[in-house]
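# Coordinate analysis (summary)
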Amino acid sequence: MDEQQAVEAKAERPASTKKHRSRAIDRRTVLGAAIAGGAGVAAARLVGLRRTVEVDAPQLTAEAVAKRSGLDWVSPLGDEATRVAHLLRRTSFGYSPSQLEAAASEGYQRTIDRLIETPPVEPPPFAGGDTASQTSPLRLADLQTWWADWMIKTPTPFAEQMTLFWHGHFTSDFRKVGTQSPFIYWQDLTWRRFALKDLRSILYDVTTDPAMLRYLDLGQSSGANPNENYSRELMELFTLGSGSFTEDDVKAAARGLAGWREPRTAAMVQAQIDDAIKRTGAAPKNVPPADTVKTGVFEKARAYSGPDVKFLGVTKKWDTQSVLDRTLEQDAVAPFITRKLLTYFVSPAVEDATVTRLADRFRRSRYDMRTLVHDVLTSPEFASGKAYRALVRSPIDFMVSATKALDAPQLSKLVVGSGDPMGQVLFDPPSVGGWPDNASWISSSTMLARINFVTAALGQVRKLPSANDAHAQFLDSTLSPQTLSLLNATTDDRKRWAALLCCAEFQLK
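Parameters at a glance
- Residues numbered from 1 in each chain as written.
- Predicted model: local features only at pLDDT ≥ 70, side-chain atom pairs only at ≥ 80, totals over all residues.
- Heavy atoms only, no water.
- Helix = DSSP H or I, 4+ residues; strand = E, 2+ residues; numbered from the N terminus.
- Buried < 20%, exposed > 50% of the residue type's maximum accessible area, 1.4 Å probe, protein only.
- Contact = heavy atoms within 4.5 Å.
- Areas by Shrake-Rupley, 256 points an atom, 1.4 Å probe, with all protein chains shown as cover.
- pLDDT = per-residue confidence, 0-100.
- Core = buried A, V, L, I, M, F, W, Y, C linked by side-chain atoms within 4.5 Å.
- Axes fitted to C-alpha atoms, helices over the stretch in contact; angles between N-to-C directions.
- Parallel < 35°, antiparallel > 145°, perpendicular 65-115°, else oblique.
- Left-handed = near helix turned anticlockwise from the far one by under 90°.

## Digging into the overall build of the protein
Per the secondary structure count, the protein includes 26 helices and four strands. Within the protein, the proportion of its 509 residues that are buried is 55%. If you take every contact in the protein between residues at least 6 apart in sequence, the share linking residues at least 24 apart comes to 78%. Carbon and sulfur atoms make up 51% of the accessible area of the protein, which amounts to about 21700 Å² in all.

Put into structure tokens, the structure is as follows:
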């Protein structure tokens, strides 16, 4: 008996002497598989589908995910084709079989180069986005669907992955920004355009972004009355991390950054006029003209003009440019951004030595994000056995990956409608710190929400692709005994897709 036959025989053998029988796969069975992660998992190849057996296994809890307890997968990343699939899962919201085949033919290194070097393809304009105003607000659900649809269909998925990364790092939400302006829509376009630029340029675009000006109140800040919200988050959440600056630094930076205001579009100005006429019967006098830019507008008269102040150890007059320059001179910047990127793409537990090695090169590159991303994706840590299935797919990542696997781009509305019970709604991070990650996505309620999404998705797709090779294409044929048993019990493509998309292995990447 060879190794493959031994694996199958073990999977078929009952765990006790009681009689087992084949049964239909219901939601409870699938949920049980989704929250089970077998200990001592081996790489199992499905040759034939047979009857199921009941196997007790530890639950895939948040603690188990954090410690990787019970998730001792035998990594198959020594294989080039499997490394390509691993790369696409981490960078591209999964893949369709044809996308996987094309990337495998291209090879691992060339696929990395293509992902990084290909300029992002912008989504089609969002209808009514540029002209949003009080009288014609953005339709939030449509805007969310517009982005989800592009995540599924885009020819440059890595750009969308980086847009989502920055959306969670430089956080804004529609609740504070509002829908009566184009600002939250513009921000999505801006984050995509600067995804792999140098960090200095990125920070300037973030600082002057209209949605950010409103979200962290910099647009209301003046030299006479500086608001500290943005200056604090610029250092604590965006560049340095806590403990790398003082309250006096926050106050000084707030003075240097003051003077920006939000732009006024022609549609917003007209809505203001129409509102005044409706309320008073006459147009207001001295209506400010519309701005022609889609960024913040600096008004020198509102800037700080007092005595020199001390910021991060240097006393002088500060403005936006010099505040950003001085911030980037701090030693904490490169490790902070590097660790953030590593925990997003590689592993929730990153070795300090890895951070130091990559951060040094990032700093020497003058904070070039393309260099850092390339170093992360080509690092030995990225394709190591320790990194294999070390990350939990976020809800958006999970749902978009599932739609690609099912070749069902029409499911973008379902993706948007299913995000809230899973804990992730586009344009609505829970706090200024962005979304949680990894183990934070796992709970009994969020797992049930994932099952509900799969059930609804399969109900909306009339013609499913064949699931015969799905375990190899989407799970690297690296299965727990529980998943192997569940797939052995399936009798048609619909049930097999349900089992595969809901199993523990598909929740991980």
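## Focus on the side chain of Glu262
Mapped onto the fold, Glu262 is located in the loop between strand 1 (260–261) and helix 15 (266–280). Here Glu262 falls in the buried class, since its relative accessible area comes to 16%.

## Overview of the side chain of Ser401
Position of Ser401 relative to the elements: it lies in helix 20 (residues 395–405). Residue Ser401 is classed as buried on the basis of its relative accessible area of 3%. Aside from chain neighbours lying at most four places away, what touches Ser401 is Phe93, Gly94, Arg393 and Phe506.

## Considerations on the confidence of the model for the protein
The predicted coordinates of low-pLDDT regions are not to be read in fine detail. Scored by pLDDT, the protein comes out at a mean of 87, with 86% of its residues at no less than 70. A low-confidence stretch, residues 1–62 (pLDDT under 50), is modelled with 124 contacts involving residues beyond four sequence positions or located in other chains. Every residue in residues 64–71 is under pLDDT 50, and counting partners more than four places away or in other chains gives 19 contacts.

## What about the nonpolar core?
Counting residues in hydrophobic clusters, the biggest one holds 130 residues, and the most contacted among them are Met162, Trp166, Phe170, Phe453 and Trp497. Here the element with the most residues in this core is helix 22 (residues 444–460); it accounts for seven residues. Apart from the residues lying within four places of it in its own chain, the contact partners of Trp166 are Trp191, Phe194, Ala195, Ile202 and Met369.

## Notes on the environment of Ala332
Of note, Ala332 is situated in the loop between helix 16 (320–328) and helix 17 (333–345). C-alpha of Ala332 to C-alpha of Ser242: the two residues are 90 residues apart in sequence and 9.9 Å apart in space. Leave out the neighbours within four places in its chain, and Ala332 touches Thr239, Leu240 and Ser244.

## What about the packing of helix 13 (residues 229–239) against helix 14 (residues 247–257)?
Relative orientation of the contacting elements helix 13 and helix 14 amounts to 120 degrees, with a least axis distance of 8 Å. Between helix 13 and helix 14, the crossing angle belongs to the class labelled oblique. Between helix 13 and helix 14 lies a crossing whose hand is right-handed. Residues Tyr230, Ser231, Arg232, Leu234 and Met235 of helix 13 touch helix 14, and the partners they reach there are Glu247, Asp249, Val250, Ala253, Ala254 and Leu257.

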